[in-house]
Structures are given as structure tokens and as C-alpha cells.
Amino acid sequence: MIRLRQSVSQPENVQPFDLTDRGLLLADGAFDTSRVVSGRIILKRAHMARLVRDAAALGISITSPELATLAAEAIPAGGSGALRLTVTRGPGARGLAGETSGAPTLMARFSSIESTYPMAPVSLGISSIRRNPTSPTARHKTLSYTDNIVALREAIVAGHNEALLLSPEGQVACASSANVFARFGDRLVTPPVSDGAMPGIIRNWLLEVAAGAGFQVAEESLSLERFAQADGIFLTNSLRIFQSVSSFSGREFETELPPALIQLGQALLEGSFDD
């Protein structure tokens, strides 16, 4: 097994990389991004387990202890920021079905990020790219992120900060790098995985704990019309936690997140939900 790690605070940790690696040549692998606070990975167990599952879905075998060891080596003492763990099938022969050495490549990179919470609101624009719910790239965090990259660049050119991707039927799926929730009073609704939503760590966590903060929560298909009629829209991912949407489809939204939701995210960052 090839193990690579890099910390922004320790750039000398850059390791040699095999240019025949299938992750580099074919995006043949999976990754996970988690938020680190004072050296602690938020929802660590869920992140490690998700990356193991996503790699297994591609036929790549790794273990949570292997990932945990690599993560610990990459995170500086007391560091706060973003940790990215990447798994590829490893070096191999050319071609889609080219044989490999059998040893996956594991990489870790730690980057310092702004600790602001909640982050500034974003404007959401509809992407022309449709999300394919049957694709492994919709259900697993694979290295193939071309659709997401193009969708976000398209949104930025149109004057937005984030892109909204729809299912082939025109239902709301997700943002380019986040899950979406529509708030109707105290009811929080997020699209189901069957509509192309990525089963994100923070999304799944909120579905489990929201009731304890006084919210009703549901996975339901959302048409564009219903989505635009919400009292508020917010995004979730492991770095943003919760981030409100300021405008969508010509409508301005209230950007203040409900206090109970902000408190829930703060408790997560402070370690109240540590594994």
C-alpha cells in the first residue's frame, strides 16, 4: 500500500507519486473531506466509515484504522482546518480494465481554513447539468467531479456563488459540493438519494438529530416551484456545516438561520456529538 501525506504547515511532507496511478489518470478512486477543530475530526467515525464504504463500492479494500493512522499523521497538533483523505486503486496498466499491483494509494492533505461559522450566505443558480441518480458518482464521493466543477463554474459566470443540480426529471438534487435543505416553518426537507442527492455526512447527521432541536425533518422530492416557495434554504457539508442561501430563482431569502439550527451546528463543532 502506498501512503502519501501533506500538511500545509509541513510542506516538506510531499511524497513521490506514481504517474501510472489510476486515480490520476482515470479518477479511479474515492475521497472524503472532514472538518478538524483543535486536532479533532468532527464526526470522525462517520467519515472513516463512509470512505471505506465508497472505496468498497469501487472494489478497493481499505480499513478505518488505516485511514485514522494516516489522518493522525497529517493533522498538526491542535490544528484546525480541512482534512482530505483520498483513496485510489493504485498504479496500473493503461486502459479502463488495466491490471494494478493490488495495492491502493492512500493520501492525506490538511489545509487551514477560516473558522467562521456560520459562513456568509450564497446565491444559488440552476445548473444546466442534470444529476444521474443511477451513477456511482451520485451515491459515492468518487474522484470524478467534472460535472460538479463545470456546474459551479457555470454558476459563477452567471453571477452566483453556488450551483443547484437537478435530477433528469427536474427535481432538486443537490448543490455542486453540498446537500440542500428547504425550510418550511420548523419543517426541514431534503431531497432523497433517489433524486440524486449525495448521502452527505452532515445531511445524514441532521436527519438523525434535528428532532431533538425542535424540528421536523423529512426526505422528500422537491420540485423547483416548491423549493422556491420555502421560508428559507440552506446548504450542508462537512466544512460549511450550515450555510444559508440568500437568493434563488429571482427571490431573496431570509439569511438568518433559525437559532436552534445555529446552536446545533455550534454544539457539533464544540464536540458535543463526538464519536
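The sections below set out a description of the structure shown in this document. Small disclaimer: the values here were computed from a predicted structure and weren't measured.

**Quick word on the packing of helix α2 (residues 44-57) against helix α3 (residues 64-74)**
No. 1: At a minimum axis distance of 9 Å, the contact between α2 and α3 shows a crossing angle of 120°. The angle between α2 and α3 falls in the class oblique. Of the two elements, α2 crosses α3, and the hand of that crossing is right-handed. For the pair α2 and α3, contact is made by K44, M48, A49, L51 and V52 and by S64, L67, A68 and A71, respectively.
No. 2: Broken down by class, the residue content of the contact of α2 with α3 amounts to 7 nonpolar, 1 polar and 1 charged.

**Brief notes about the side chain of S244**
No. 1: Tracing the backbone shows S244 in strand β13 (residues 241-248).
No. 2: At 3.0 Å, the side chain of S244 forms a polar contact with the backbone oxygen of T255.
No. 3: In this view, S244 contacts P121, V122, I233, F234, T255 and L257; residues no more than four positions away in its chain are not counted.

**What about the nonpolar core?**
No. 1: One finds L188, W205, L206, F234, F242 and L261 to be the most contacted residues of the largest nonpolar core, which totals 21 residues.
No. 2: Sorting the residues of this core by element identifies α6 (201-209), β13 and α8 (259-270) as the ones contributing at least two each.
No. 3: Ranked by the residues each element gives to this core, the list is headed by α6, at 5 residues.
No. 4: Not counting residues up to four positions away in its chain, the partners in contact with L261 are Y117, L188, L206, F215, F234 and F242.

**Some remarks on unusual backbone geometry**
No. 1: A cis amide bond links Y117 with the next residue in sequence, P118, at an omega value of -10°.
No. 2: With respect to the helices and strands, P118 occurs in the loop between β5 (105-111) and β6 (122-130).

**Examining the pairing of β6**
No. 1: Pairing of β6 with β13 involves 3 bridges; the strand directions are parallel. Residue pairing in the sheet places S123 in a bridge with S247 of β13.
No. 2: Where β6 lies against strand β7 (residues 162-166), 4 bridges are found, and the strand directions are parallel. Bridge pairing links I126 to L164 in β7.

**A short note on the packing of aromatic side chains**
No. 1: Per the counting criterion, the structure on display carries 6 aromatic pairs.
No. 2: Look at F31 and Y145: their rings are 5.3 Å apart centre to centre, the planes differ by 75°, and that puts the pair in the edge-to-face class. Here F31 is found in strand β2 (residues 29-37), whereas its partner Y145 is found in the loop between α4 (136-139) and α5 (146-157), with 114 residues between them in sequence. One exposure class covers both F31 and Y145, and it is buried.
No. 3: Taking the centre distance of 5.2 Å and the plane angle of 5° together, the rings of F181 and F234 count as stacked. With F181 in strand β9 (residues 179-184) and F234 in strand β12 (residues 232-237), this residue pair connects regions lying 53 residues apart in the sequence. For the pair F181 and F234, one class covers both residues: buried.
No. 4: Among the aromatic residues, those joined into a ring-pair cluster are F181, W205, F234, F242 and F273.
No. 5: Taking the ring centre of F31 as reference, the NZ or CZ of R84 above it sits at 4.0 Å.

Thresholds applied
Residues numbered from 1 in each chain as written. Predicted model: local features only at pLDDT ≥ 70, side-chain atom pairs only at ≥ 80, totals over all residues. Heavy atoms only, no water. Axes fitted to C-alpha atoms, helices over the stretch in contact; angles between N-to-C directions. Helix = DSSP H or I, 4+ residues; strand = E, 2+ residues; numbered from the N terminus. Parallel < 35°, antiparallel > 145°, perpendicular 65-115°, else oblique. Left-handed = near helix turned anticlockwise from the far one by under 90°. Contact = heavy atoms within 4.5 Å. Nonpolar A, V, L, I, M, F, W, Y, C, P; charged D, E, K, R; others polar. Polar contact = N/O pair within 3.5 Å; in protein donor to acceptor, adjacent residues only side chain to side chain. Core = buried A, V, L, I, M, F, W, Y, C linked by side-chain atoms within 4.5 Å. Buried < 20%, exposed > 50% of the residue type's maximum accessible area, 1.4 Å probe, protein only. Pairing = 2+ DSSP bridges. Phe/Tyr/Trp six-rings, centres within 6.5 Å; stacked < 30°, edge-to-face > 60°. Lys NZ or Arg CZ within 6 Å of the ring centre and 35° of its normal.

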